[in-house]
Amino acid sequence: MWVRTWVMRAAELITEHREYLIGLDRAIGDADHGENLDRGFRAVVTYLKTTEDTRAEDLLRGIGQTLISHVGGTSGPLYGSAFIRMADVATDELTPVSLATMLDRAVGAIQARGHAQAGEKTMVDVWLPVADAVNNAVDNEAELATMAELIERTSQAATQRTCDMIATKGRASYLGERTLGHIDPGAASTNLIFLALRECVN
Ligand code: ADP
Ligand code: MG
């Protein structure tokens, strides 16, 4: 089941990059992002190992609920609601169309909750371009293998671009121009989630 493969791999990457994410959040926030997410994704791994859920829809909802209850900080409810809203349109067999629809829902959920627009140096600056790229690829009738490569390329570039942005949302916004030159921690963790997705879409 692709949801399991995706999120188990994402959890691995988050744990591997725990200190990196802490460092990014130390520079422009309160240094808890790596710890928050690692705790949340370890709870998700426990959920995945113990649940009897097998359908994509149920798994994504369970993952979202687990993230909401175990990730502290602003990012927990944002990630949690993204997964819960993806559940509404998820299919057991991953297709380009369902993937595109899911990513749109995720962006919608994150923006509904956090009210961030593009360019405000948040996780939206990665979710949004990846969702757009995947939707454009669907319009051009791309296959899943093409999507995988596109997700990685778009996500990596978008994450790097947050370096040149000034934060105007969330805790980092208090630092204003001093956020220039730093990658946004939530963008970096979103990138890890997309790198994991890329591996299982492939
Ligand atoms: P906190 O800021 O409460 O310590 P985290 O450190 O867990 O929360 O997460 C910080 C990340 O959350 C930021 O790097 C940013 O990507 C994301 N974020 C903060 N505010 C918003 C928002 N309004 N919309 C989208 N993402 C946001
Ligand atoms: Mg923080």
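Refer to the preceding data block for the structure.
Since we're looking at a predicted model, the values are computed, not measured.

Some remarks on the coordination of the magnesium ion (ligand 2)
(1) Moving on: Coordination sphere of the magnesium ion (ligand 2), protein contribution only: D25 (OD), D30 (OD) and D32 (OD), at 2.1 to 2.3 Å.
(2) Moving on: Read in sequence order, the donor residues for the magnesium ion (ligand 2) give the motif D-x4-D-x1-D.
(3) Moving on: A relative accessible area of 8% places D25 in the buried class.

Some details on the packing of helix α6 (residues 96-114) against helix α7 (residues 124-139)
(1) Moving on: The interhelical angle for the contact between α6 and α7, taken along N-to-C directions, is 150 degrees, at an axis separation of 9 Å. By the angle between their axes, α6 is roughly antiparallel relative to α7. The handedness of the crossing between α6 and α7 comes out as left-handed. In this structure, α6 uses P96, V97, L99, A100, L103, D104, A106, V107, I110 and Q111 to contact α7, whose residues at the interface are V124, W127, L128, V130, A131, V134, N135 and V138.

Concerning the side chain of N191
(1) Moving on: The topology assignment puts N191 in helix α9 (residues 185-201).
(2) Moving on: Residues contacting N191, with those up to four places away along its chain left out, are V126, S155, Q156 and T159.

What counts, and where the lines are drawn
Residues numbered from 1 in each chain as written. Chains lettered and ligands numbered in written order. Predicted model: local features only at pLDDT ≥ 70, side-chain atom pairs only at ≥ 80, totals over all residues. Heavy atoms only, no water. Donors = N, O, S within 2.8 Å, 3.2 Å for Na, K, Ca; no water. Buried < 20%, exposed > 50% of the residue type's maximum accessible area, 1.4 Å probe, protein only. Axes fitted to C-alpha atoms, helices over the stretch in contact; angles between N-to-C directions. Helix = DSSP H or I, 4+ residues; strand = E, 2+ residues; numbered from the N terminus. Parallel < 35°, antiparallel > 145°, perpendicular 65-115°, else oblique. Left-handed = near helix turned anticlockwise from the far one by under 90°. Contact = heavy atoms within 4.5 Å.

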